[in-house]
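# Remarks on the overall topology
Each chain, letter by letter, is given below.
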Amino acid sequence: MNIPWRQMEPGEQVRFVVAGGWRAAIPPFTVLIATLLQSIFPLVTTLSLLPELGLALLVAWRVYQPALLPVWVALPLGIVADIVLAQPLGISAVSWPLVLIAIDLAQRRLPWVSLAGDWGVAGLAILLVMLIDWRMIIFITGSASLPAMLPRTILEILCVPLAARVAAAVEWRLFLSR
């Protein structure tokens, strides 16, 4: 069990960083980079077609390696996603932690591991995010079109294996190869 950074002595902090404690920040940074890449390379369309790459990577990390991405990380990542993607503040900040909690509960109830099962859990999680976002947008603006959000949701679900591959490559490169 790791003690919090502020409670460590300066020598302990140095040993923690040198010993590889910095690696715990890599999964959240990959989600952050995916979110920033989406805002750097915008795709202008009449419909919301571009999937949220940060969400797909967040779900992939949580489904395939839940120990590397704690649930609380979703709140600051959701706030950053709201700011960077110009959404009303609080949409992703609420839906991302809720969906990570739902994934955690689903994985406790469904202990078997298979690609189809994990993809199904990830797909349901992304569908849950879309429904939460839809209800929150209706609450904020008064109207939102659910059919207009479906293409983006389908693309996000289809991006989950790619995001899982990216997460696995990052994990292999940073955690397993020494």
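Keep in mind that this is a model prediction, so the values were computed, not measured. (Residues numbered from 1 in each chain as written. Predicted model: local features only at pLDDT ≥ 70, side-chain atom pairs only at ≥ 80, totals over all residues. Heavy atoms only, no water.)

Attention now moves to the overall build of the chain. In terms of helices and strands, the chain carries seven helices and zero strands. Counting over 178 residues, the chain shows a buried share of 37%. Pairs at least 24 residues apart make up 65% of the contacts formed inside the chain by residues separated by at least 6 positions. Roughly 10600 Å² of accessible area belongs to the chain as shown, and the carbon and sulfur atoms make up 72% of that amount. (Helix = DSSP H or I, 4+ residues; strand = E, 2+ residues; numbered from the N terminus. Buried < 20%, exposed > 50% of the residue type's maximum accessible area, 1.4 Å probe, protein only. Contact = heavy atoms within 4.5 Å. Areas by Shrake-Rupley, 256 points an atom, 1.4 Å probe, with all protein chains shown as cover.)

The phi torsion at A86 lies on the positive side, around 60°, for a residue other than glycine. Its place among the elements puts A86 in the loop between α4 (74-84) and α5 (91-109).

This paragraph deals with α4. Every buried residue of α4 is listed here: A74, L77, G78, A81 and D82. Across the axial projection of α4, the buried residues extend over an arc of 140°, all falling on one side. Turning to α4, the residues buried within the fold contact α2 (26-40), α3 (53-64) and α5. At the C-terminal side of α4, A86 shows a positive phi close to 60°. (Arc of directions from axis to C-beta.)

Let's shift gears to the packing of α3 against α5. Closest axis-to-axis distance for the α3/α5 pair is 10 Å, and the angle between their directions is 30°. The angle between α3 and α5 places the two elements in the roughly parallel class. Crossing angle aside, the handedness with which α3 passes α5 is right-handed. Contact residues: G54, L55, L58, V59, R62 and V63 in α3; W96, L100, I103, D104 and Q107 in α5. (Axes fitted to C-alpha atoms, helices over the stretch in contact; angles between N-to-C directions. Parallel < 35°, antiparallel > 145°, perpendicular 65-115°, else oblique. Left-handed = near helix turned anticlockwise from the far one by under 90°.)

What follows deals with the packing of aromatic side chains. Counted under the stated rule, the structure contains zero aromatic pairs. A cation over a ring is seen here: R135 above W134, with NZ or CZ 5.6 Å from the ring centre. (Phe/Tyr/Trp six-rings, centres within 6.5 Å; stacked < 30°, edge-to-face > 60°. Lys NZ or Arg CZ within 6 Å of the ring centre and 35° of its normal.)

Below, the discussion takes up the nonpolar core. Residues V31, L57, L58, V59, W61, W96 and I103 are the most contacted members of the largest nonpolar core, which totals 30 residues. When residues of this core are traced back to their parent elements, those giving at least two are α2, α3, α4, α5, α6 (115-141) and α7 (146-176). At eight residues, the largest contribution of residues to this core is made by α3. If sequence neighbours within four positions are ignored, L58 has contacts with V31, L69, A74, L77, W96 and L100. (Core = buried A, V, L, I, M, F, W, Y, C linked by side-chain atoms within 4.5 Å.)

As a further point, take the confidence of the model for the chain. Of all residues in the chain, 86% have pLDDT values of 70 or greater, and the mean over the chain is 82. For the chain, helix α1 (residues 10-18) is the element with the lowest average pLDDT, namely 72, and α4 is the one with the highest, namely 92. (pLDDT = per-residue confidence, 0-100.)

So, on to the environment of V31. Looking at the element boundaries, V31 is found in helix α2. Judged by relative accessible area, V31 falls into the buried class, the value being 0%. Separated by 30 residues in the primary sequence, V31 and W61 place their C-alpha atoms 8.9 Å from one another.

Another aspect to go through is the packing of α2 against α4. Two measures define how a pair of helices packs: the angle their axes make with one another and the distance between the axes. Across the interface, α2 lies against α4 with an axial gap of 10 Å and an inter-helix angle of 10°. Taken as axis vectors, α2 and α4 run roughly parallel relative to one another. Contact residues: P28, V31, L32, T35, L36 and S39 in α2; L77, V80, A81 and V84 in α4.

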